Every structure is written in structure tokens, then in C-alpha cells.
Amino acid sequence: MRGLTLFLFDLRFQWRHGFYYVYIFVCICYWILLRFVPETYQEIAAIVLTFSDPAALGLIMAGGMVLLERDQGVHDPLFVAPVHLRDYLLAKAFSLSLLSLAAGWVIHMATGTIPDSPFAFSTGIVLTSTFMTLLSIGIAARQRTINGFILMAQVYAIPLVLPLFGFLQLWHTDLFMFLPTEGTLRLLVSPGDGLSAGSVLFSVCLLSLWNIAAYFWAYRSYTRHVLMRIGEGGAVHGEI
């Protein structure tokens, strides 16, 4: 029940701070952008946008939520109560993944098509969003300033966009097979374009393993850099 309560709290928090309004605006911009893309390339463009969407949502917004909560002093009363960090992390991951999933479908529907495998498509979005959210929380927990968080988020994001080069047939290396976003792109691509059941299984397992690693890293980071400082009352500032 605590997990559900935190999940609903996060949904209300996101609504109160305008996350949904921002994403409605972003989706409208994506729709307009896709209208100017030649029909031949619309599906590729939609996949690239859908790929970047859960990454940006999880990596930027999750960290922003953590910093905003710290700035508003939410953590002190929250963790003085009998709240498990596990429930806190999972609530953040799943609440943002719902928003990312909705946005991903809206973006793809702009092409006028439906993925051949809606399950694989949705799984790719959700697992990518949860991974990015947990990664972002781990980064934000270690930073004391907004500028520091933004800088480190970009550092972590650079390797994760590399599989896009392979997808766009610009550059490919077998090392991409170890990156979670390689699994994301495989799940977003239609099975009719050559995605086998083995590739789906590989992608789900790859993303799941990265999610597990990100969870434990976020858990450790949050414990050491947030929970152990409960009561200090330090606010987050925009200066470096």
C-alpha cells in the first residue's frame, strides 16, 4: 500500500508542477515536426523521437523531481515516516514510465501507423523510461546543484545515444550490443522490419539487467547522499 500511495503522490506532484502540460506541448511540437518530414522517412523519424522521448523524460524530469523535492524539504518528513526507499524509487520509475508510454504512442500515431508488435513497442518504452529514471535519481542524489546535475546527466547520456548511429546506418560496432539503448531501438522497430523473437528476448533481458543495475546504484546513491543527510535542511541552488 505504501508503494501505491507514493505512486499516486508522484502523479499528483507531476500534475501540480506542470509536467503533463509540458509534455502535451512537446507532443504537439513532435506532431508538427513529423508533418514536415517526407512520408518515406516518417517512421524512422518517429522511432528516433520515440527513442529520445523516454530518455529525456526519465533522465531530466526524474532528476528534476528529486532536486525539487529536496529544495522543498519533502524528503525530511517523507523518510521520517515508515517509507521504504524501494517503494520511493519504484514509484518514481513507474509514474514517469506511464507518462513516457503515453507520449511514445502519441508520437508514433502521428505517422498514421500502429507498430506490428504493440507489446514489444510498449515494453521498450517502459523499460527505457524506468532505466533512465533510476539512472537520473542516482545522478541527482550525488549532486547539490542544478547545474551540476545537468552537466553530469549529459555525461552519462552521451554513451547511451551511440546506438542511434547504428540504427541510422552511419556507424556500427558490436560494442553497441552491451548498451541498454540498443535493446530500446530493437524493440521500437517493427517485427516486419526484421525483428525476430530472439532479438526481442535479447532486448528485454538486456534492458532488464541494466534496470537492475541502475536500481541498485540509485538505491546506494540515495542512501549515502540523501538519507544520511536528512535533517540538514540544505536547499538546492542553481549556482555551480
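Residue indices follow the written sequence of each chain, beginning from 1 at its first position. Since the coordinates come from a predicted model, pLDDT governs what is reported: local features require at least 70, and pairs of side-chain atoms require 80 or more to be given and counted, while whole-chain, interface and lining totals use all residues. Excluding hydrogens and water, the side-chain figures rest on all heavy atoms present in the structure.

Participant: Even after reading the chapter, I still don't get unusual backbone geometry, so can you show me in this structure?
Facilitator: For residues that are not glycine, phi is negative in most cases, and the peptide bond is trans in most cases. A positive phi angle, near 60°, is found at Q169, a position not held by glycine. A run of DSSP states H or I qualifies as a helix once it reaches four residues; a run of E qualifies as a strand once it reaches two. Both are numbered from the N-terminal end. Tracing the backbone through its elements, the reader meets Q169 in the loop between α8 (163-167) and α9 (180-188). For Q169, a relative accessible area of 74% gives the class exposed. Here's how the labels work: a residue is buried when its accessible area is under 20% of the maximum for its type, exposed when over 50%, partly exposed in between, all with a 1.4 Å probe on protein chains only.

Participant: Can you help me understand the pattern of salt bridges in this one?
Facilitator: For this document, the term salt bridge refers to a Lys or Arg side-chain nitrogen within 4 Å of an Asp or Glu carboxyl oxygen. One pass over the full model with this rule turns up three salt bridges. Two residues, K92 and D10, come together in a salt bridge whose shortest N-O distance is 2.8 Å. Of the two residues, K92 is situated in helix α5 (residues 85-109) and D10 in helix α1 (residues 2-16); the sequence distance between them amounts to 82 residues. Of the two residues, K92 and D10, both sit in the buried class. In this structure, the salt-bridge partner of R86 is D87, at a minimum N-O distance of 3.4 Å. Residue R86 is classed as partly exposed on the basis of its relative accessible area, which comes to 42%. Judged by relative accessible area, which is 12%, D87 ranks as buried.

Participant: Just checking my understanding: could you explain a nonpolar patch on the surface for this structure?
Facilitator: Side chains of W15, Y21, I24, I28, I32 and F36 sit close together on the surface and give an oily, nonpolar patch of about 730 Å² of accessible area. The biggest single contributor to the nonpolar patch is helix α2 (residues 19-35), with four residues. Following the sequence through the fold, I32 ends up in helix α2. Put simply, a patch holds well-exposed residues, over 30% relative accessible area, that have no salt bridge, with like charges counted together within 9 Å and Val, Leu, Ile, Met, Phe, Trp or Tyr side chains within 5 Å. Where accessible areas are quoted, they stem from the Shrake-Rupley method and a 1.4 Å probe; at the residue level, only the protein chains shown are allowed to cover.

Participant: Before we go on, may I ask you to explain the nonpolar core in this structure?
Facilitator: Nonpolar side chains tend toward joint burial in soluble globular proteins. Residues Y23, Y88, L89, L134, L135, I137 and Y222 are the most contacted members of the largest nonpolar core, which totals 39 residues. Residue assignment for this core shows that the elements contributing at least two residues are α1, α2, α3 (39-71), α5, α6 (118-142), α7 (146-160) and α10 (197-225). To qualify as a nonpolar core, a set must consist of buried Ala, Val, Leu, Ile, Met, Phe, Trp, Tyr and Cys residues joined through side-chain atoms within 4.5 Å. Ranked by size, the runner-up nonpolar core spans eight residues in total, among them I47, F51, F121 and L164.

Participant: Hey, could you run me through the packing of α9 against α10 in this one?
Facilitator: To characterise two packed helices, one gives the angle between the axes of the helices and the distance between these axes. Working convention: axes come from line fits to C-alpha atoms, limited for helices to the stretch in contact. Angles between N-to-C directions cover 0 to 180 degrees. Contact pair α9 / α10: the axes reach a minimum separation of 8 Å and the direction vectors enclose 140°. When the axes of α9 and α10 are compared, the pair comes out oblique. Taken as a pair, α9 and α10 cross one another with a handedness that is left-handed. Residues P180, G183, T184, R186 and L187 of α9 lie in contact with α10, whose contacting residues are S199, V200, F202, S203, V204, L206, L207 and W210. Only Asp, Glu, Lys and Arg are considered charged, only Ala, Val, Leu, Ile, Met, Phe, Trp, Tyr, Cys and Pro nonpolar, and every remaining residue, Gly among them, polar. Within the contact of α9 with α10, the residues separate by chemical class into eight nonpolar, four polar and one charged. The labels follow the angle: roughly parallel below 35 degrees, roughly antiparallel above 145, roughly perpendicular from 65 to 115, and oblique for the rest. By definition, turning the near helix anticlockwise from the far helix through less than a right angle yields a left-handed crossing, and turning it clockwise yields a right-handed one. Only heavy atoms enter the contact rule, under which two residues are in contact if any of them lie within 4.5 Å.

Participant: What should I look at first to understand the packing of α6 against α7 in this one?
Facilitator: Contact pair α6 / α7: the axes reach a minimum separation of 10 Å and the direction vectors enclose 140°. By the criterion of interaxial angle, the relationship of α6 to α7 is oblique. Every pair of crossing elements has a handedness; the one defined by α6 and α7 is right-handed. Contacts between α6 and α7 pair F131, M132, L135, S136, I139 and A140 from the former with F149, M152, A153, Y156 and L160 from the latter. Counted by class, the contact of α6 with α7 contains 10 nonpolar, one polar and no charged residues.

Participant: Help me out: how do you make sense of the environment of A102 in this one?
Facilitator: Note that A102 resides in helix α5. Between the C-alpha atoms of A102 and Y23, which are 79 residues apart in sequence, the distance is 9.8 Å.

In short, shape yes, function no, at least from these values alone.
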